[in-house]
Amino acid sequence: MGASPQTNSTDLAERFDPVSVEGAVLSVSGLGIEVSDRLAMLEMNARVEIETAAGGLLCEVAGIKDQAALVLPFGAIDGVRRGARVRFLKNSGTVLPSRAWLGRVVNGLGEPIDGKGPLPHGNIYRPLRASPPPAPQRARLGPPVDFGVKALNAFVPARTGQRMGVFSASGVGKSVLLGMIARNTACDISIIVLIGERGREVRDFIEDHLGPEGPACAIVVVATSDDPATMRREAGFLALTLAEHFREEGAHVLCRMDSLTRIAMAQREIGLAAGEPPATKGYTPSVFSTLPALIERAGPGHDAGAPGHITGIFSVLVEGDDHDEPIADAARAILDGHIVLDRRITETGRFPAVNILRSNSRTMSGALSADDAALAAEARKCAAAYDDMRELIRIGAYRDGANADVDRAIALHPELEEFLSQSMDERVSCVESFNALRGIMQKDIEQ
């Protein structure tokens, strides 16, 4: 067992109140359960436990009205009946994380699901819904991050504490690239979040993508596609809470979340069940407040002392290859950069399918030296020249000598494509990435 929580007399009075407050189930409709709240004890996001034949069903308050509250379950509602006893839980939206959680797999409530026994408790209660440090008091971004992926190191560089998005349609290699980032990025602790994934893929990811040593310094938070919407959304909040805990210890935490879109979908289900009006593409207004509330918790910590950092990698599943759909558009505005995966590139057989012309890092100038930034800009210019003339080149309508920049782009194209390609189990450092890119660009000058 872990150490006992550090509490004062006020904490003990609040957490171990001898008075038990209860209500009763009034009605059940769809995912929503209406419970009585005649004493006005319930508050938003508080938790209750409903008595069923199989035990207690944990639920969260999603709406409050006159003498009643709407609660949504964290599990199956089988066995819930009208009149069932409801116990109000005080201050239940907290966890007690510790370094003993490393190497473990937990669900959205912080409960172990890996069959390795109970989790030891830490010393500090961490609220699942915390606010980030005040903006003027946050530390600056740290040194460059080495992703171990050539295309990212050279063309979408990031700094410690940055929040990046991986934008991709389904079947374009998003999960494999995220696995490479999780395995190759140098950090103290990894928080891996799998939300809405197929159940069979969880073990594959842990064993294949993280590698034999990866799980030892990582906590994996899982909420599969068959979990209730509340559990899928809660997995995102738990992940950031764990990351904040280790950040406050001074660690560099890599929080890799797949995906923001599924959190948005879960919040849409919750909002619709609570009676919110649907807006753009059916997404409720609360979706567009939940996303920044989640993303802003990543980043540098408080500038007092020796702050840690949370480098966030958030995947965004774009629907129908539409990178301007509501969730992608909202996420792009909040994040500090975006990595765009292109289906057309996947169809050519190149992996990772990073479109360097559509990808961008908002801290590129601070992440690269002047020489490396100039080299990346030159290579990007060549890629843009080739892309502009792609169709003419493909049908043979372009004639050599018509444009010197295009001629150079055509000459460099095969080698640049080879540079951007990388196998799943290969790791290439920042220095190696720029040495290889420099060799390609200088070779053309020498010729």
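Before reading further, recall that the structure is shown in the block above.
The present account deals with the structure reproduced in this document. Owing to the predicted nature of the structure, the values given are computational and were not obtained by experimental measurement.

Secondary structure assignment for the chain yields 14 helices and 17 strands. For the chain, the C-alpha radius of gyration of 25 Å lies close to 22 Å, the compact-globule estimate for 447 residues. Here the chain holds 447 residues, and the buried ones make up 51% of them. Look at the contacts in the chain between residues 6 or more apart in sequence, and 73% of them connect residues 24 or more apart. As presented, the chain carries roughly 19800 Å² of accessible surface, and 51% of it is formed by carbon and sulfur atoms. Side-chain charges in the chain split into 47 positive and 59 negative, and the spacing between the mean points of these groups amounts to 2 Å.

Taken as a whole and assessed by the stated rule, the structure comprises two aromatic pairs. With centroids separated by 6.4 Å and ring planes inclined at 75°, the aromatic side chains of Tyr283 and Phe288 adopt a geometry described as edge-to-face. Judged by relative accessible area, which is 1%, Tyr283 ranks as buried. Between Arg268 and the ring centre of Tyr283, over which it is positioned, the NZ or CZ distance is 4.2 Å. Its end group placed over the ring of Phe167, Arg332 keeps NZ or CZ at 5.7 Å from the ring centre.

Note: strands within a sheet are paired through backbone hydrogen bonds, in either parallel or antiparallel orientation. With antiparallel pairing, the six strands of this closed barrel are ordered in space as β1-β2-β5-β4-β3-β6. Between one strand axis and the next, the sheet turns through 45° on average, direction left out of account. Both strand β4 (residues 55–65) and strand β5 (residues 68–73) contribute to a ladder of six bridges, which runs antiparallel. Of the residues in β5, the one forming a bridge with Cys59 is Pro73.

Counting across every chain of the model gives 28 salt bridges. Between Arg163 and Asp336 there is a salt bridge whose closest N-O contact spans 2.8 Å. Taken together, the positions of Arg163 in strand β10 (residues 163–168) and Asp336 in the loop between α8 (326–334) and β16 (337–340) put the pair 173 residues apart, joining distant regions of the chain. The class for Arg163 is buried, based on a relative accessible area of 8%. Look at Asp336 and you get buried, because its relative accessible area is 18%. Glu197 serves as the salt-bridge partner of Arg262, at 3.4 Å between the closest nitrogen and oxygen.

To continue, consider helix α5 (residues 229–247). End to end, α5 covers 28 Å across 19 residues, agreeing with the expected 27 Å (1.5 Å per residue, within 8%). Within α5, 19 of the 19 residues are buried, leaving the element largely enclosed by the surrounding structure.

Below, the discussion takes up the packing of helix α7 (residues 287–295) against α8. The N-to-C vectors of α7 and α8 enclose an angle of 35°; their axes lie 10 Å apart at closest approach. Between α7 and α8 the crossing geometry is right-handed. Contacts between α7 and α8 involve Val287, Phe288, Leu291, Pro292 and Ile295 from the former and Pro326, Ile327, Ala330 and Ile334 from the latter.

By size, the foremost hydrophobic cluster in this structure holds 87 residues, and its most contacted members are Phe155, Ile191 and Met257. Among the elements that line this core, the one with the most residues is α5, at nine residues. What Phe155 contacts, discounting residues up to four positions off in sequence, is Ile356, Met364, Ala376, Ala379, Arg380, Phe419, Leu420 and Leu437. Counting residues in each nonpolar core, the second largest holds 17 residues, with Val21, Leu42, Val80 and Val86 among its members.

All right, on to unusual backbone geometry then. Between Asp258 and Ser259 the backbone carries a cis peptide bond, its omega angle lying at 10°. Examined against the element boundaries, Ser259 turns out to sit in the loop between β13 (252–258) and α6 (260–273). A cis amide bond, omega 0°, links Phe351 with the succeeding residue Pro352. One non-glycine residue, Ala40, lies in the positive phi region at around 55°. Within the fold, Ala40 resides in the loop between β2 (32–36) and β3 (47–52). By relative accessible area, which is 61% here, Ala40 ends up exposed. Phi is positive for Asn45, which is not a glycine, with a value near 70°. Positionally, Asn45 belongs in the loop between β2 and β3. Residue classification places Asn45 among the partly exposed residues on the basis of a relative accessible area of 33%.

Basis of the calculations
Residues numbered from 1 in each chain as written. Predicted model: local features only at pLDDT ≥ 70, side-chain atom pairs only at ≥ 80, totals over all residues. Heavy atoms only, no water. Helix = DSSP H or I, 4+ residues; strand = E, 2+ residues; numbered from the N terminus. Rg over C-alpha atoms; globule rule 2.2 N^0.38 Å. Buried < 20%, exposed > 50% of the residue type's maximum accessible area, 1.4 Å probe, protein only. Contact = heavy atoms within 4.5 Å. Areas by Shrake-Rupley, 256 points an atom, 1.4 Å probe, with all protein chains shown as cover. Lys, Arg positive; Asp, Glu negative; His and termini not counted. Charge placed at Lys NZ, Arg CZ, Asp CG, Glu CD. Phe/Tyr/Trp six-rings, centres within 6.5 Å; stacked < 30°, edge-to-face > 60°. Lys NZ or Arg CZ within 6 Å of the ring centre and 35° of its normal. Pairing = 2+ DSSP bridges. Axes fitted to C-alpha atoms, helices over the stretch in contact; angles between N-to-C directions. Salt bridge = Lys/Arg side-chain N within 4 Å of Asp/Glu carboxyl O. Expected span 1.5 Å × (residues − 1). Left-handed = near helix turned anticlockwise from the far one by under 90°. Core = buried A, V, L, I, M, F, W, Y, C linked by side-chain atoms within 4.5 Å.

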